[in-house]
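Tertiary structure, described
Below, each chain spelled out in residue letters.
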Amino acid sequence: MRGTWALSSSALVAVTIVACATAGGEITPGTERFDAALPPTPESSCPIEEGSGDKWSDIYRDLLGPTGKPGSCSLVKTCHGSAEESGAKASNFFVCGTSKDDCRQKLIDTNLINEDDKAAPEKAGLVTVLRTRNPDKTFKGIMPKEPKDCFFTPTSLNRITTWIKNGFPND
Ligand code: HEM
């Protein structure tokens, strides 16, 4: 038994040397065989920017409402499309489904926007929870939960902060 182990380990060393030896006989380190899926780099992220206008009907139509696109708060059935969904349950029942009026009212009921925010809309709960990108391309904010590499661009965020500064009317 010991004899065979000695044989197999020397065989192993031989194989390794062969694997590393290039045609010229120099020993070069083997290329990495293990290729774990690298996390997506910021470059691969997706900017959320659709349409224009800073009225609530524009913002709901293009960004937060049921657009079926990244940025929607009801993209899949684990979000905020109805009170039964896990996102809604975990956010004090912030629901933003098929009713534009109800979505706006829920933003108010869950204190994601309030009167004080008019003076400093960038500090509103809604604005701070949305994923945006820092100048160094890292992210801040956690929503939309999916897709993880999508972020609201400064243009999209400006529409939302302007709407809040204007007193977040149901316009
Ligand atoms: C872009 C519009 C969205 C807004 C404004 C929003 C808002 C929020 C808020 C305020 C919370 C509570 C965060 C906290 O307690 O710190 C939350 C949690 C959560 N949301 Fe959203 N959300 C959005 C999109 C989404 C989407 C698209 C999904 C599903 C893919 C989702 C799924 C969840 C889940 C599962 C939680 C529970 C906490 C967690 O697992 O991270 N949300 N959301």
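To start, this report covers the structure provided alongside it. (Residues numbered from 1 in each chain as written. Predicted model: local features only at pLDDT ≥ 70, side-chain atom pairs only at ≥ 80, totals over all residues. Heavy atoms only, no water.)

Regarding the packing of helix α2 (residues 56-64) against helix α4 (residues 100-109)
The contact between α2 and α4 brings their axes to 11 Å, and the two run at 100 degrees. Considered as vectors, α2 and α4 are oriented roughly perpendicular to each other. Between α2, through Trp56, Ser57 and Tyr60, and α4, the contact on the second element is made entirely by Lys100, Cys103, Arg104 and Leu107. The residue inventory of the contact of α2 with α4, partitioned by class, reads four nonpolar, one polar and two charged. (Axes fitted to C-alpha atoms, helices over the stretch in contact; angles between N-to-C directions. Helix = DSSP H or I, 4+ residues; strand = E, 2+ residues; numbered from the N terminus. Parallel < 35°, antiparallel > 145°, perpendicular 65-115°, else oblique. Contact = heavy atoms within 4.5 Å. Nonpolar A, V, L, I, M, F, W, Y, C, P; charged D, E, K, R; others polar.)

Considerations on the environment of Glu49
Positionally, Glu49 belongs in the loop between β1 (46-48) and α2. Note: C-alpha distance between Glu49 and Pro154 (105 residues apart in sequence) is 8.9 Å. With residues up to four places along the chain from it excluded, the contact list for Glu49 reads Thr153, Thr155 and Ser156.

Overview of the environment of Lys165
Structurally, the position occupied by Lys165 is in helix α6 (residues 154-165). With a relative accessible area of 51%, Lys165 lands in the exposed category. For the pair Lys165 and Glu122, spaced 43 residues apart in sequence, the C-alpha to C-alpha distance is 9.3 Å. When near neighbours in sequence (up to four residues on either side) are disregarded, Lys165 contacts Lys118 and Pro121. (Buried < 20%, exposed > 50% of the residue type's maximum accessible area, 1.4 Å probe, protein only.)

Some words on the side chain of Asp58
Relative to the elements of secondary structure, Asp58 occurs in helix α2. Classification of Asp58 by relative accessible area gives buried; the value is 13%. Within polar-contact distance, the side chain of Asp58 engages the backbone nitrogen of Asp54 at 3.5 Å. Beyond its immediate sequence surroundings of up to four residues, Asp58 is in contact with Ser52, Gly53, Leu63 and Arg159. (Polar contact = N/O pair within 3.5 Å; in protein donor to acceptor, adjacent residues only side chain to side chain.)

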